[in-house]
Amino acid sequence: MYSKAWTMIKLELCNLYGCNVLRFSKDKKSRKKAAVMVAAWACVIALFVLYIGALSYGLVMAGMGEVIPAYLITLSSMMIFFFGMLKAGNVIFRKEGYDMLCSLPIHQTAIVVSRFVRMYVENLLLAVVMLLPGLAVYAWMEHPGAAFYLCSFFCIIAVPFLPVAGATLIGALVTAVSARMRHKSLVTAVLSVLAVLVILAGTSKISAMEEELNLVQLAEMVSVIFSMLGKLYPPAVWIGSAAASGNILVCLACFGLFFAVFIAVAAAVSIRFSFICQNLYSNLAKHNYHLGQLKKESLLISLCKRELKRYFSSSIYVTNTMIGPILGVVFSAVLLFVDPASVIKEIPLNVDINKLIPFAIGGIFCIMTTTATSISMEGKNWWLIKSLPLTTKAILDAKILMNLVLILPFYLISELLLIIALKPNFLELLWLLIIPAAISLFSCVYGITINLHFPVFNWETEVSVVKQSASSILGGLGGFIIAILCVFGITKIPENYMDLWNGAVCIVILAVTAVLYWKNNQTDLRKIG
Amino acid sequence: MLKIEHLTKHYKGSSKGVTDISLHIMPGDLYAFIGHNGAGKTTTLKCIAGIQDFDAGEIFVDGKDIKKDLIGCKQSLAYIPDNPDLYEYLTGIQYLNFIADIFGVAAAAREERIRQYADELEITASLGDLISTYSHGMKQKLVLISALVHKPKLLILDEPFVGLDPKASIILKDIMREICAGGGAIFFSTHVLEVAEKLCNKVAIIKDGSLVASGNMDEIVEKGQSLESIFMEVVNDSGSIAKTDMVENKKHSS
């Protein structure tokens, strides 16, 4: 059993992030793309390291060095938990290779364990990136004893256990509930997004409670932060405090506890594993169809309908790309109940909120566009679309149209809420309508551009396309980055020239969009994939 | 119907591909394309179907140059791959409707053709089910109906008999004969040499990316011989030069 589990683990890990394919691939083009992907990841990691390092330095300078481990553990655990929750179901219960594995003499626990280990290792990398710079700054400035280094080691390897277990448990529950239903992917997507929103609302409530506390206990900042972290995620305080004080026994005890929870969740999932998988993969075949009257549709409508069906057939695709528009509406709704003037006090920017909101809402809407991975998502079906008598323009238009159709209801609701909340004048209303629309349009077209340059068709799971591909990283955040740059511009522009700035920004964004759109449509799709 | 002139396609970083392939397929031709695994059959078929670009040469479908009018060429043909990876998130009828929409087939015509072929291949009752529930053979039948729904002039089939049950294979052969009798043409790859010999009027043999023989079946397969023995002689390196030369001489004689 153990040797088979180990074999399964090796199988899971050997192609983590596509390493094995890259190792044995002789295709120079794919190696080049992988190099770009590594460079993109290196930039993200470098930014992370810098940010965490600076944050930790600031905390030490403020005399709060001892909160660093607990603070960073909470931060990384939250990230692992939220990102993990959206993909856990797809990783643990993924269909690819399931039939083949079931035909082999392997206990299903070995399969579950190997998939849990994969989740753990992926998240361990995140924990290392987040914790190591902070702990290094702490060690450099506070000169702790030798025990600190040993504790830090156990701390880092223990951090992913609980959030991965929690995320997997919720992911498994969502998957188990949806497995019984006909529209499994859609139900999974809706439940996952709901779970994220409920947990976000819960954590913000805890933070709000602590804000009141802050005012009373400003003098005891360290204990206030510990108290806050303790309410948010108590295990972080247990192991974080133990690491800071070099208490190896408590560290080991925490490590043991976290590991035990991880194993318990894996065992619980393995009990229902085959039941969930069988329900998940069995599709109802009624064999009772009677051919009736058929309807002819226009080319674009037909292509767009197919894109929508593809989109809603994948829960991971929906959850990752719907978060942005949903957050946009939530953000707009919050402004109905919170005084916009109080919001601007919280932001370290000297700018009128009515000027800022159009860019902010545009940016939020464009967190992970569908177009950035829509070509890759064709996967093994890519031959089909290429064999049809369709122009590149028709194929790509359908993908852009689907993204815009998805955003549209959220955009309209959001605009309505913002108009009620902000009561803008005519020009402000104009920018409120145009700027998010322009950023969204750019984002959709830019997503296609990036995906045409970094397509992946031979993927094992949809997770690797939607979450880990170069295209999802570089293309999915295009609109968001543009929005941030524009907000930065606002802070530098005098108030009198603000409308001019907005107009110029819109013209530039739309002009760039038009150029990209034209270039995309010139692509010979036979050369892609 | 299909004219291939000096087609050359090589993959970067790989020795695989095809070199200097020339073939003429006339209306009414049922043309078999045979060769060992990795010989270049699928590459050739994909180039004709407009799925893959090529390095040199020319392809004309129904008189249209694929380099100048790719869409027009695709409009005249239908391609069926060796492994029917279809949109598993669609039902069979949704998929057929989608293909019919792309080719602009009128509602009444698509209904009539789908009914005819789905009934013949006995999958009408399953058309309302998701393609993900289909077996390999059912997918093969579905992709076949989708290829016929727009009445193509040229059918490009990559090992079409794989996965089909005996009855479906017989129906497919009948459909193929019917299309060719109606002035259409079919170019298909196969490893089943008996089928190729009995069904086709022409044959092309490819080896290591180069065409080693092509022409009328009765000229290539002489009396007392079989396509199987010819194929073995032609693709066998040692001692086959004389036979290859003989077949080469018959190249384009038709």
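Note that this is a predicted model, so its numbers are computed, not measured. (Residues numbered from 1 in each chain as written. Chains lettered and ligands numbered in written order. Predicted model: local features only at pLDDT ≥ 70, side-chain atom pairs only at ≥ 80, totals over all residues. Heavy atoms only, no water.)

## Points about the packing of aromatic side chains
Residue and element names in this part refer to chain A.
So, point 1. By the definition in use, this model includes 25 aromatic pairs over all chains.
So, point 2. Judged by centre distance (4.8 Å) and plane angle (15 degrees), the rings of Y120 and F161 are stacked. Here the residue Y120 occupies a position in helix 6 (residues 108-142), and F161 occupies one in helix 8 (residues 161-179), the gap between them amounting to 41 residues. Grouping residues by exposure puts Y120 and F161 together as buried.
So, point 3. Measuring from centroid to centroid gives 5.8 Å for F161 and F255, while their planes differ by 70 degrees, and the two rings are edge-to-face. In this pair, F161 is assigned in helix 8 and F255 in helix 12 (residues 248-281), connecting sequence segments 94 residues apart. Judged on exposure class, the residue F161 and its partner F255 are both buried. (Phe/Tyr/Trp six-rings, centres within 6.5 Å; stacked < 30°, edge-to-face > 60°. Helix = DSSP H or I, 4+ residues; strand = E, 2+ residues; numbered from the N terminus. Buried < 20%, exposed > 50% of the residue type's maximum accessible area, 1.4 Å probe, protein only.)

## Observations concerning the interface of chain A and chain B
So, point 1. Taken together, the contact between chain A and chain B spans 38 residues of the former and 47 residues of the latter.
So, point 2. Interface area, chain A with chain B, both sides summed: about 3900 Å², of which 61% is carbon and sulfur.
So, point 3. Run the count over chain A and chain B and you get 16 residue pairs in polar contact (both at pLDDT 80 or more).
So, point 4. When contributions to the side of chain A that touches chain B are tallied by element, the ones reaching two or more residues are helix 13 (299-312) and helix 18 (382-387) of chain A.
So, point 5. Looking at side-chain class alone, the side of chain A that touches chain B contains 13 nonpolar, 10 polar and 15 charged residues. (Contact = heavy atoms within 4.5 Å. Buried area = accessible area lost by both parts, 1.4 Å probe. Polar contact = N/O pair within 3.5 Å; in protein donor to acceptor, adjacent residues only side chain to side chain. Nonpolar A, V, L, I, M, F, W, Y, C, P; charged D, E, K, R; others polar.)

## Quick look at the environment of A483(A)
So, point 1. In this structure, A483(A) sits in helix 23 (residues 478-492).
So, point 2. Beyond its immediate sequence surroundings of up to four residues, A483(A) is in contact with F359(A), G363(A) and I439(A).

## Digging into unusual backbone geometry
Across the chain, the bulk of peptide bonds are trans and the bulk of non-glycine residues have phi less than zero.
So, point 1. Phi at M368(A) takes a positive value of approximately 60 degrees, unusual for a residue other than glycine.
So, point 2. Along the polypeptide, M368(A) turns up in the loop between helix 16 (353-365) and helix 17 (371-374).
So, point 3. The class for M368(A) is partly exposed, based on a relative accessible area of 22%.
So, point 4. Unlike most non-glycine residues, D20(B) shows phi in positive territory, near 50 degrees.
So, point 5. Inspection of the secondary structure puts D20(B) in strand 2 (residues 17-25).

## Looking at the pairing of strand 10 (residues 210-216) of chain B
All names here are of chain B.
So, point 1. Extensive coverage of strand 10 is indicated by the burial of six of its seven residues.
So, point 2. Relative to strand 10, strand 9 (residues 202-207) runs antiparallel, the two being bridged by six bridges. By the bridge assignment, K202 is partnered in strand 10 with N216. (Pairing = 2+ DSSP bridges.)

## A few points about the sheet that holds strand 6 (residues 77-80) of chain B
Strands belonging to one sheet form pairs held by backbone hydrogen bonds; the direction of such a pair is parallel or antiparallel.
Residue and element names in this part refer to chain B.
So, point 1. Ordered in space as 6-7-8-3-9-10, the six strands form an open sheet in which the pairing is mixed. Each end of this open sheet is capped by a strand with a single partner; those strands are strand 6 and strand 10. Each strand axis lies, on average, 15 degrees off the axis of its neighbour in the sheet, ignoring direction.
So, point 2. Of the strand pairs in this sheet, strand 3 (residues 30-35) and strand 9 are connected by five bridges, and their pairing is parallel. Its bridge partner lying in strand 9, I34 is registered against I205. (Axes fitted to C-alpha atoms, helices over the stretch in contact; angles between N-to-C directions.)

## Digging into the pattern of salt bridges
Residue and element names in this part refer to chain B.
So, point 1. Taken as a whole and judged by the stated rule, the model has 25 salt bridges over all chains.
So, point 2. When the shortest N-O distance is used, the salt bridge between K202 and D29 registers 2.8 Å. Placement of the pair is K202 in strand 9 and D29 in the loop between strand 2 and strand 3, with a sequence separation of 173 residues.
So, point 3. Looking at K202, the relative accessible area reads 7%, which means it is buried. (Salt bridge = Lys/Arg side-chain N within 4 Å of Asp/Glu carboxyl O.)

## Quick notes on the packing of helix 20 (residues 426-453) of chain A against helix 23 of chain A
All names here are of chain A.
So, point 1. One way to put it is that helix 20 packs onto helix 23 with a least axis distance of 8 Å and a crossing angle of 140 degrees. By the criterion of interaxial angle, the relationship of helix 20 to helix 23 is oblique. In the packing of helix 20 onto helix 23, the handedness of the crossing is right-handed. Within the contact between the two elements, helix 20 uses I439, F442, S443 and Y446 and helix 23 uses G478, G479, I482 and A483.
So, point 2. A breakdown of the residues in the contact of helix 20 with helix 23 according to their chemical character gives five nonpolar, three polar and no charged. (Parallel < 35°, antiparallel > 145°, perpendicular 65-115°, else oblique. Left-handed = near helix turned anticlockwise from the far one by under 90°.)

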